[in-house]
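Per-entry structural report
Spelled out, the chains give:
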Amino acid sequence: MPIIRVALDVPLATLFDYIAHDGDDCRPGTLVEVPFGRKRTIGVVIEEATHSTLDPERLKTVIRPRYDLPRLDTAMLEVFRFCSDYYHFPPGTVILQALPARLRRTGASPAKQRRERYEITAAGRALDRTALPKRATARCALLERLSTDGSMDGSTARAITPDAARILKDFIARGWVAARPATDAGSSASPGIPPRFVPGPALTPAQAHAVAEINAARGRFTPWLLHGVTGSGKTEVYLHAIAAALAAGRQALLLVPEIALTPQLETMLAACFPDTKIASLHSNLNDSERLHHWLSAERGEARIVLGTRLAAFTPLAQPGLIVVDEEHDASFKQQDGLHYSARDVAIYRARRHRIPIILGSATPSLETWHNAASGRFHLLALDQRINAPLPHIATLDVRGERLDEGLSARLVGEMKNVLARDEQVLVFINRRGYAPALMCAACRWIADCRRCSAHLVLHLGDHRLKCHHCGSESAIPQACPECGNPDLLPVGAGTQRIESALARHFPQARILRVDRDTTRRKLAWSGMRDRIHSRQVDILVGTQILAKGHDFPHL
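Residues numbered from 1 in each chain as written. Predicted model: local features only at pLDDT ≥ 70, side-chain atom pairs only at ≥ 80, totals over all residues. Heavy atoms only, no water.

1. Focus: a nonpolar patch on the surface
The condition is simple: The patches reported here contain residues having more than 30% relative accessible area and no salt bridge. Joining distances are 9 Å for like charges and 5 Å for nonpolar side chains (Val, Leu, Ile, Met, Phe, Trp, Tyr). The protein chains shown are the only cover counted for residues, whose accessible areas, like all others here, come from Shrake-Rupley with a 1.4 Å probe. For this document, the term salt bridge refers to a Lys or Arg side-chain nitrogen within 4 Å of an Asp or Glu carboxyl oxygen. Runs of E in the DSSP output that reach at least two residues are strands. Runs of H or I that reach at least four are helices, and both are numbered from the N terminus. Type-normalised accessible area, obtained with a 1.4 Å probe on protein chains alone, sets the label of each residue: buried when under 20%, exposed when over 50%, and partly exposed for intermediate values.
Judged by side-chain polarity, Leu-396, Val-398, Leu-403 and Leu-411 come together as a nonpolar surface patch covering roughly 260 Å² of accessible area. Locating Leu-396 in the fold gives a position in the loop between β16 (378–382) and α13 (409–420). Assessed through its relative accessible area of 35%, Leu-396 is described here as partly exposed.

Right, dumping it as structure tokens:
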């Protein structure tokens, strides 16, 4: 009987030998169910062997090959092997952690999801929206989107509000919405006919040159650095390059640094490619949703794959283009478990598949800029903003000025002027919590984390001190542990403190805080984004989540 070497999700940098049954198709890339210790587990066949270094009597037999699960192709196995060698991580852990959770479970099967599409009815279009309660923001947002688009699928509805299923069920009962079985977008396109592309504004000469250069490199590995200032139209270049890849019968992978960017880009992609199926992959999806989208990409049904760093490991049936937006962003680097850079994995994949890759940024990382300067990458520059001047930047010297929770009098005055024009204000501060530190006024003691070298951050709403590095927490002490002084002072300002100060200055303004604490709940950011676009927010206070590529037209 043949011997196969299997990678398992265990912290050992080795493969495990098993005996396969005669007649079993256990080629490399096949997922198999095998005994390991006293349990069963899922592994991936890496190679076939003629003999084993172990005694044949000690070898265990494969329980069954999982023919119902997809087989990983040679290119993806090469990518996993590269990550295991380059990042010094066990091969089985690299492969299995990159797969959807449901594929890693024994006995689980990728059952076909029942999906529906929701269409607004004539009664729904005739509905007087002003009759709905003002607090029913989620219901209004769903009806507004349905009126605009005519229909939506379940994932789009859940991106608007986590209560979408309950609200849509009520809409159906009232006759405002009808449910229809969903069909795969793009499946109606005839073979040989390129998918429909609805372009945006006409390209500038610089954009047209960039698109022509990228398209001329189709079919071979060519790394491009698209260096464009903010507002220069890098996204339009991405869209035209993706359109060319789709027209050639290939798939496109678009990586973004933040989950918060995916709804905006997904809406834009759906508008530009109305007949093309798009798969989103990020950590806000549940196991079933992630498996469905992953399989759509692997089977070639989804022609565009949009995702965060984990999507760099998504298999593509017909890869044609990879785009890494904001390539410099630290969010592309995984900091726990397998430490990897999704940008570098994407570059390796492009080399392995022999396809072009676009690295877009207004502030490229030093290594990417060096590669472009030395000729390893090809540089494309977009130097001018489109229909917008560069911003006026005022640096205020606040030394000697009395600040109110970090806010200067001039800043508050400028905000009043903007609000008087019925426009929105964004206050960016890259510190969440109430204050970055808690200090004793007498002996200058500062609350430090006991598990690492960072200061504990004061979260006044939770009445806790939290470490933003290792995650440890503790209660706020009643007095200084060093001198017993009960006068403990918050030092510095975080988003919670700024939010509180702005509420005092602008009691009538609608203030929204956007940071990791407020967006932790699934789909929370999608609801916030809809509130911002529907003018239900006057002042935004947030961390880097707000500062990455969003389009807020009333800001």
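Here the narrative resumes.
2. Quick notes on helix α12 (residues 366–373)
Defined as follows: Each direction from the helix axis to a C-beta atom contributes to the arc, which is the arc of those directions.
Residues of α12 that are buried: Thr-368, Asn-371 and Ala-372. Down the axis of α12, the buried side of the element spans an arc of 100°, and every buried residue falls inside it. Opposite its buried face, α12 presents the exposed residues Leu-366, His-370 and Ala-373, each directed more than 90 degrees away. Looking at the residues trailing α12, positive phi occurs at Gly-375, about 95°.

3. Some points on empty space enclosed by the protein
A probe matching the size of a water molecule, rolled over the atoms, marks out where space remains unfilled. This is how it is decided: Cavities and pockets are found on a 1 Å grid laid over the protein atoms alone: a cavity is a set of points where a 1.4 Å probe fits but cannot escape, a pocket is an open set with protein on both sides within 12 Å along at least five of seven lines, and a lining residue has an atom within 4 Å of such a point. Grid points are joined across faces, edges and corners, and a volume is the space filled by probe spheres set on the points. Classes in brief: Ala, Val, Leu, Ile, Met, Phe, Trp, Tyr, Cys and Pro nonpolar; Asp, Glu, Lys and Arg charged; the others, Gly included, polar.
Counted under the stated rule, the structure contains one cavity of 30 Å³ or more. As a volume, the largest cavity reaches approximately 50 Å³. Every residue lining the largest cavity is listed: Ile-214, Asn-215, Arg-218, Ala-241, Ala-244, Ala-245, Gly-320, Leu-321 and Pro-356. Elements supplying a minimum of two residues to the lining of the largest cavity: α7 (205–216), α8 (234–247) and β14 (319–325). In terms of residue count, α8 provides more of the lining of the largest cavity than any other element does, three residues in total. Its residues placed into classes, the lining of the largest cavity shows six nonpolar, two polar and one charged.

4. A word on the sheet that holds strand β20 (residues 464–466)
We apply this condition: Following DSSP output, two strands are said to pair if at least two bridges run between them. Lines fitted to C-alpha atoms define the axes, with helix axes restricted to the stretch in contact, and inter-axis angles between N-to-C directions lie between 0 and 180 degrees.
The sheet built from three strands is open, its strands ordered β19-β20-β21 with antiparallel pairing. Each of the sheet's edge strands pairs with one partner strand only, and the pair in question is β19 (457–459) and β21 (473–475). Each strand of the sheet is rotated relative to its neighbour by a mean of 30°, with strand direction disregarded. Across three bridges, the pairing between β19 and β20 is antiparallel. Along β20, the bridge assignment pairs Leu-458 with Leu-465.

5. Points about the packing of aromatic side chains
In plain terms, the rule: For Phe, Tyr and Trp, rings pair up if their centres lie within 6.5 Å, where Trp contributes its six-membered ring, and each pair is then called stacked (planes under 30 degrees apart), edge-to-face (over 60) or tilted (otherwise).
Counted under the stated rule, the structure contains nine aromatic pairs. Consider the rings of Phe-80 and Phe-313, whose centres lie 5.8 Å apart with planes at 15°: the pair is stacked. Note that Phe-80 is positioned in helix α1 (residues 74–86) and Phe-313 in the loop between β13 (304–307) and β14, a separation of 233 residues in sequence. Per residue, the accessibility class of Phe-80 equals that of Phe-313, and both read buried. Considering the side-chain rings of Phe-171 and Trp-176, the 5.5 Å spacing of their centres and the 45° angle between planes classify their relative orientation as tilted. Summarising the burial analysis for this pair, Phe-171 and Trp-176 share the class buried.

6. With respect to the pairing of strand β4 (residues 39–49)
As defined by bridge partners, strand β1 (residues 3–7) adjoins β4 across five bridges and the pair is classed as antiparallel. What sits directly across from Arg-5, in β4, is Glu-47. Summarising the sheet, strand β3 (residues 31–36) and β4 pair through six bridges and their orientation is antiparallel. Looking across to β4, one finds that Phe-36 is bridged to Lys-39. Hairpin remark: β3 followed by β4, antiparallel, with two residues in the connecting loop; positive phi at Gly-37, about 65°.

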